[in-house]
Amino acid sequence: MADKISRRNFLKGTAYGLGALSFAAPVMRARAQEPTLRCGVVTSLSGENRFGGNLTRRGYDLWAEEINKLGGIEVNGDRYRVEMFYGDAQSRPASGADAAERLIIRDEVSVLFGPYTSGVTLAVQPICAKYSVPMISGSAESPNVWLEKPRFNFGMIPAVDRTSDKSIQVIADATGAASVAVVGVDEPFSKETAEGFRDGVSAAGLEQTRFELFPANADLTPIVSNLKADNPDIVAVGGHEEVLINFINTARSLDFRPKAILMHYGVTAAAFADQLGADANGVLGISLWTPNLSYRDDLFGTASDYDELSHSRWGSHPDYTEAACSASGLVLQDAARRLGKAPVWDRQARIELVEALEETDIETFYGPVAFEKEGDHYHNNTQPVPVIIQITDGRVVPVAPEDAAETELVYPLPAFS
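Remember, predicted model here, so these are calculated numbers, not experimental data. (Residues numbered from 1 in each chain as written. Predicted model: local features only at pLDDT ≥ 70, side-chain atom pairs only at ≥ 80, totals over all residues. Heavy atoms only, no water.)

**Q** Sorry if this is basic, but what is going on with the overall build of the protein chain here?
**A** Scanning the protein chain from terminus to terminus reveals 13 helices and 18 strands. Reported as C-alpha extents along the three principal axes, the dimensions of the protein chain are approximately 70 × 40 × 35 Å. Counting the 417 residues in the protein chain, one finds 59% classified as buried. Put simply, of all contacts in the protein chain between residues at least 6 apart along the chain, 71% involve residues at least 24 apart. Split by element, the accessible area of the protein chain, about 15,400 Å² in all, is 46% carbon and sulfur. Here the protein chain carries 37 positive and 57 negative side-chain charges, and the mean point of each set is 6 Å from the other. (Helix = DSSP H or I, 4+ residues; strand = E, 2+ residues; numbered from the N terminus. Buried < 20%, exposed > 50% of the residue type's maximum accessible area, 1.4 Å probe, protein only. Contact = heavy atoms within 4.5 Å. Areas by Shrake-Rupley, 256 points an atom, 1.4 Å probe, with all protein chains shown as cover. Lys, Arg positive; Asp, Glu negative; His and termini not counted. Charge placed at Lys NZ, Arg CZ, Asp CG, Glu CD.)

**Q** Mind showing me how you'd approach the nonpolar core here?
**A** Proteins that are soluble and globular tend to have nonpolar side chains buried together. Membership of the largest hydrophobic core comes to 75 residues, with the highest contact counts inside it found for Trp63, Leu112, Leu332 and Tyr366. Looking at this core element by element, the count peaks at 11 residues for helix α12 (residues 320-339). (Core = buried A, V, L, I, M, F, W, Y, C linked by side-chain atoms within 4.5 Å.)

**Q** When you look at the UniProt feature "domain: Leucine-binding protein" (unreviewed entry) in the protein chain in this model, what are you seeing that I'm missing?
**A** Cross-referencing UniProt, the feature "domain: Leucine-binding protein" (unreviewed entry) maps to residues 37-381 in the present numbering. Taken as a whole, residues 37-381 contains 45% helix and 19% strand, while its terminal C-alpha atoms sit 24 Å from one another. (UniProt positions renumbered as here; feature names shortened; annotations may be inferred.)

**Q** Is there a simple way to think about the packing of aromatic side chains in this case?
**A** The geometry of two aromatic rings is summed up by the distance between their centres and the angle between their planes. What the rule picks out here adds up to 8 aromatic pairs. Relative to phenylalanine 113, the ring of tryptophan 63 lies with its centre 5.7 Å away and its plane at 70°, an arrangement referred to as edge-to-face. One end of the pair, tryptophan 63, is in helix α2 (residues 50-69); the other, phenylalanine 113, is in strand β5 (residues 111-113), and 50 residues separate them in sequence. Under the relative-accessibility criterion, phenylalanine 113 is labelled buried at 0%. (Phe/Tyr/Trp six-rings, centres within 6.5 Å; stacked < 30°, edge-to-face > 60°.)

**Q** Just to check I follow, could you spell out the pattern of salt bridges for this structure?
**A** Pairing is possible between side chains that carry opposite charge, provided their charged atoms lie close to one another. The final tally for this structure, using the stated rule, is 18 salt bridges. Its salt-bridge partner being arginine 252, residue aspartate 279 comes within 2.9 Å of it at the nearest N-O pair. With aspartate 279 in the loop between α10 (270-276) and β12 (284-287) and arginine 252 in helix α9 (residues 241-253), the pair connects residues that are 27 residues apart, well separated along the chain. By relative accessible area, which is 34% here, arginine 252 ends up partly exposed. Through salt bridges with shared partners, a single network forms among Arg210, Glu212 and Asp230. (Salt bridge = Lys/Arg side-chain N within 4 Å of Asp/Glu carboxyl O.)

**Q** What exactly am I supposed to notice about the sheet that holds strand β1 (residues 37-43) here?
**A** Strand pairing in a sheet relies on backbone hydrogen bonds. The paired strands run either parallel or antiparallel. As summarised here, the arrangement of the 5 strands in space is β4-β1-β5-β6-β7, forming an open sheet in which the pairing is parallel. Looking at which strands have only one partner, the edges of the open sheet turn out to be β4 (82-88) and β7 (153-155). The sheet shows a mean angle of 25° between the axes of neighbouring strands, direction not considered. Where strand β6 (residues 135-137) meets β7, 3 bridges bridge the pair, whose relative direction is parallel. (Pairing = 2+ DSSP bridges. Axes fitted to C-alpha atoms, helices over the stretch in contact; angles between N-to-C directions.)

**Q** Honestly, the state of the cysteines in this entry has me stumped. Any pointers?
**A** Here is the idea: a disulfide is a covalent bond, and it sits between the sulfur atoms of two cysteines. By the definition in use, this model includes 0 disulfides. With no disulfide of its own, cysteine 128 has cysteine 39 as its nearest cysteine by sulfur position, at a separation of 13 Å. The exposure class of cysteine 128 is buried, given its relative accessible area of 1%. Cysteine cysteine 325 shares no disulfide, and the gap to the nearest cysteine sulfur, in cysteine 39, comes to 13 Å. The exposure class assigned to cysteine 325 is buried, which follows from its relative accessible area of 0%. (Disulfide = S-S within 2.5 Å.)

**Q** Whenever I open this one, the pairing of strand β8 (residues 179-185) confuses me. Can you help?
**A** Regular strands show a simple pattern: their side chains alternate between the two faces of the sheet. With respect to burial, β8 is a largely interior element, 7 of its 7 residues being buried. A two-sided burial pattern is seen for β8, the buried positions comprising Ser179, Ala181, Val183 and Val185 on one face and Val180, Val182 and Gly184 on the other. Where β8 meets strand β9 (residues 207-214), 7 bridges bridge the pair, whose relative direction is parallel. If you follow glycine 184 over to β9, its bridge partner there is leucine 213. One crossover worth recording links β8 to the parallel β9 by way of helix α7 (residues 188-204), and it is right-handed. Across 5 bridges, β8 lies against strand β10 (residues 234-238) in parallel orientation. (Right-handed = clockwise from strand over helix to strand, strands pointing away.)

**Q** Hey, could you run me through the confidence of the model for the protein chain in this one?
**A** Atom-level detail of predicted coordinates should not be read off regions where pLDDT is low. Considering every residue of the protein chain, the mean pLDDT works out to 90; 92% of them sit at 70 or more. Confidence drops under pLDDT 50 across residues 1-32; counting only partners more than four residues distant or on other chains, this segment forms 85 contacts. (pLDDT = per-residue confidence, 0-100.)

**Q** Got a minute to help me understand helix α8 (residues 221-230) in this structure?
**A** An α-helix turns once per 3.6 residues; consequently, residues spaced three or four apart project the same way. All of the buried residues along α8 are Ile223, Val224 and Leu227. For α8, the angular spread of the buried residues around the axis is 90°, confining them to a single face. Of the residues trailing α8, asparagine 231 is marked for its positive phi of about 55°. (Arc of directions from axis to C-beta.)

What follows is the structure in structure tokens.
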């Protein structure tokens with residue numbers, strides 16, 4: 001996150017238009033009118049979740065570019081170039097469902113890569129089931145996504161109920177904090193993140209001074225004013241990056257700086273430190289991937305190699321969602337190889353691809369990937385282990401638990417400068 005980018009440059013770097021992306025690449029065997037693997041992506045390219053949506057696009061695109069340098073995915077010794085088609089969910093579930101249907105019917109995609117937010121993902125799942133089109137979701141973290149037991153959707157990131165609750169105990173152990181206030185946006189991912197924080201407070205035996213959910217467009221001034229009056233040691237916030245940025249700006253305007261501020265996704269996105277500058281420093285977050293991990297694969301190399309590649313391509317260092325989206329392509333490659341059928345895939349082949357995805361058991365630069373086959377996290381990859389990060393001079397730095405830390409956790413936070 002040390003390399004900051006402006007909002008204009010961020011969007012410029014990800015705005016390709018909504019049509020197919022074509023990549024020149026060598027092929028293993030020459031074929032006339034060779035088929036390609038047509039992949040659709042539904043994500044938020046506009047609206048309030050556009051920053052995160054464009055991060056998912058970066059992740060998916062980077063995989064497509066790298067695999068096409070090799071000629072495309074390999075099936076039975078032949079290579080099939082990847083074509084990417086995009087549908088803008090406009091940060092709205094209904095628009096996401098419409099975009100998915102257009103990609104399947106108009107663009108004839110054989111597989112989808114999933115949306116940025118859980119709300120849009122929940123809306124797209126019935127479309128996948130209707131047309132028997134598998135989807136690999138590099139971002140959705142709401143446990144409600146997997147409670148529905150979606151036959152055609154597979155999630156790369158563990159649901160927040162497996163990550164946010166544990167973070168409270170880790171921070172309490174590292175700091176000696178005694179009280180926590182929890183607030184969050186009343187929408188799927190953010191609400192369940194806040195509920196996870198709340199459960200973590202109870203499990204750690206800490207005092208909970210407040211639990212409050214608010215609309216996405218709420219004025220944060222009265223909410224932060226109440227938190228200031230409560231004066232807890234830790235404030236935990238469930239939300240996406242725009243709300244989290246607004247929360248810090250509001251806290252600064254009210255001169256409220258608790259001893260620790262904990263958030264989940266959004267803190268690790270480049271836009272967070274870019275928009276807040278020095279005010280982002282000290283904010284804690286949860287990450288499922290960092291470049292210092294020891295994982296590797298044959299396409300991207302090590303986690304550090306991927307970090308350098310993404311930074312070179314986009315101008316900022318990737319966060320765990322961007323990494324998970326790139327790893328989604330690796331999962332598709334592996335399943336397609338085991339499926340052993342050349343695209344274009346008909347309905348029966350797509351159903352067989354779902355069965356191949358269920359048997360996934362691989363290691364990638366992002367970490368291990370294996371999907372649950374039963375229970376409350378059906379088709380969710382629960383393998384990655386979360387770490388606590390802290391923004392330090394605009395960078396995302398692991399600080400806990402001890403075996404993952406690169407530096408000491410700053411606690412209590414100094415006043416806003």
